[in-house]
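Listed below, chain by chain, are the residues.
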Amino acid sequence: MSKHSSDSPAQVTVKTLQKRKQEKQKISMVTCYDAAFGVLIDDTGIDMILVGDSAGNVVLGFKDTIPVTMDHMVHLTGSVGRVVKRAMLVADMPFLSYNLSVEQALRNAGRLVQEGGAAAVKVEGGAAILPQVRAIVQAGIPVVGHLGLTPQSVHVLGGYRVQGKGDQAQVIIDDAIKLAEAGACALVLELVPAALAEEISRKIPIPTIGIGAGAGTDGQVLVLHDLLGFNSDFSPKFLKKYANLGEVISQALTQYDKEVKGGQFPGPEHSF
Ligand code: KIV
């Protein structure tokens, strides 16, 4: 029987994250977009599950995160939220779902929590969205910030490249401090130099979760499909592949196709 249905290990909350930071214990986070993987992840010790708008790239077939809508995110978050019991579930607020006004941000954050079952929402950006961050937190919804490479701004940033080099570093430090002061409970730092991520992690009281940000952050996050090796063509420097599932799945499906067409499946043992 799955541990998932028999044990009830302590639920990870914002309090857990604060304690981990104080006690210098690392935090693990991974993305997830459906119930099947949600159950598997929740049965491990992984602390946080992010229903990322990276869904645009890895499950919805878009070339980036920009076409991802609130309806997509509510739908995907719900499928994970209905099965996850232990890990802290964070849902991404997609492109332009929080930038227009505080009211828009509140309404949409509320949907991810109320309809999707998220315990927190994640937003990209710094100084420009502080009123939204404050209002969402005041409404009782924890907010995770996201600085460095913010994929929703890919057209302004001019591509998926390391951020925070030279003068830009101070802007990211200032934004990180402001987000923490505004009440964010954690901060994702994506594709920034390791030394900068370490400095921010020392300077702010909330946990930093890095992706392509070196080992000095308080935790790490990776995209599920990337760490499981679904796509053999995607191997950026920051990624460690813990499996080669793309190959395993492809071999299994090829074998199934062969056996159906060759008449080996179903055999007598699969028939009534
Ligand atoms: O959407 C996402 O998966 C993310 C992670 C890369 C942090 O924002």
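Given the structure is predicted, the values throughout are model-derived calculations rather than measurements.

So, about the pairing of strand β6 (residues 186-190). Counting buried positions over the five residues of β6 gives five, a clear majority of the element. Bridging between strand β5 (residues 143-148) and β6 involves five bridges; their strand directions are parallel. From the neighbouring strand, G145 faces β6, where its bridge partner is L187. With four bridges joining them, β6 and strand β7 (residues 208-211) adopt parallel strand pairing. Counted as the bridge partner of L187 is T208 from β7.

Within the secondary structure, Q138 is located in helix α7 (residues 130-138). In this structure, the C-alpha to C-alpha distance between Q138 and G183, residues 45 residues apart in sequence, is 8.6 Å.

With that settled, consider the pairing of strand β1 (residues 27-31). For β1, a buried count of four out of five residues is recorded, marking the element as mostly surrounded by other parts of the structure. Of the crossover connections in this fold, the one passing from β1 over helix α3 (residues 35-42) to the parallel strand β2 (residues 48-51) is right-handed.

As a further point, take the packing of α7 against helix α9 (residues 168-182). α9 packs onto α7 with a crossing angle of 25 degrees between their chain directions and a minimal axis gap of 9 Å. When the axes of α7 and α9 are compared, the pair comes out roughly parallel. Pair α7 / α9 crosses with right-handed handedness. Counted together, L130, V133, R134 and V137 of α7 and K178, L179 and A182 of α9 form the full contact between these two elements.

Let us now look at the state of the cysteines. Applying the stated rule across the entire model yields zero disulfides. C185 supplies the cysteine sulfur nearest to C32, a cysteine that is in no disulfide, at a spacing of 19 Å. With relative accessibility at 0%, the residue C32 sits in the buried group. On the basis of relative accessible area, C185 is assigned to the buried category, the value being 13%.

Summarising the element assignment, D53 is placed in the loop between β2 and α4 (55-58). At 2.6 Å, the side chain of D53 forms a polar contact with the side chain of Q152. Setting aside chain neighbours within four positions, we find D53 in contact with T65, V68, M73, D92, P94, E124 and Q152.

Attention now moves to the site of the ligand. Around the ligand, 13 residues are found, and the nearest of them are T31, D53, S54, D92 and K122. Note that an oxygen atom of the ligand is positioned 3.0 Å from one of the side-chain N or O atoms of D53. One nitrogen or oxygen atom from the side chain of K122 is found 2.9 Å from an oxygen atom belonging to the ligand. Protein chains bury 96% of the 260 Å² of accessible surface belonging to the ligand in isolation. Here the residues of the shell around the ligand sort into five nonpolar, four polar and four charged.

Each value, and the rule that gives it
Residues numbered from 1 in each chain as written. Predicted model: local features only at pLDDT ≥ 70, side-chain atom pairs only at ≥ 80, totals over all residues. Heavy atoms only, no water. Buried < 20%, exposed > 50% of the residue type's maximum accessible area, 1.4 Å probe, protein only. Helix = DSSP H or I, 4+ residues; strand = E, 2+ residues; numbered from the N terminus. Pairing = 2+ DSSP bridges. Right-handed = clockwise from strand over helix to strand, strands pointing away. Axes fitted to C-alpha atoms, helices over the stretch in contact; angles between N-to-C directions. Parallel < 35°, antiparallel > 145°, perpendicular 65-115°, else oblique. Left-handed = near helix turned anticlockwise from the far one by under 90°. Contact = heavy atoms within 4.5 Å. Disulfide = S-S within 2.5 Å. Polar contact = N/O pair within 3.5 Å; in protein donor to acceptor, adjacent residues only side chain to side chain. Near = heavy atom within 4 Å. Areas by Shrake-Rupley, 256 points an atom, 1.4 Å probe, with all protein chains shown as cover. Nonpolar A, V, L, I, M, F, W, Y, C, P; charged D, E, K, R; others polar.

Function cannot be inferred from these measures alone, as they are strictly geometric.
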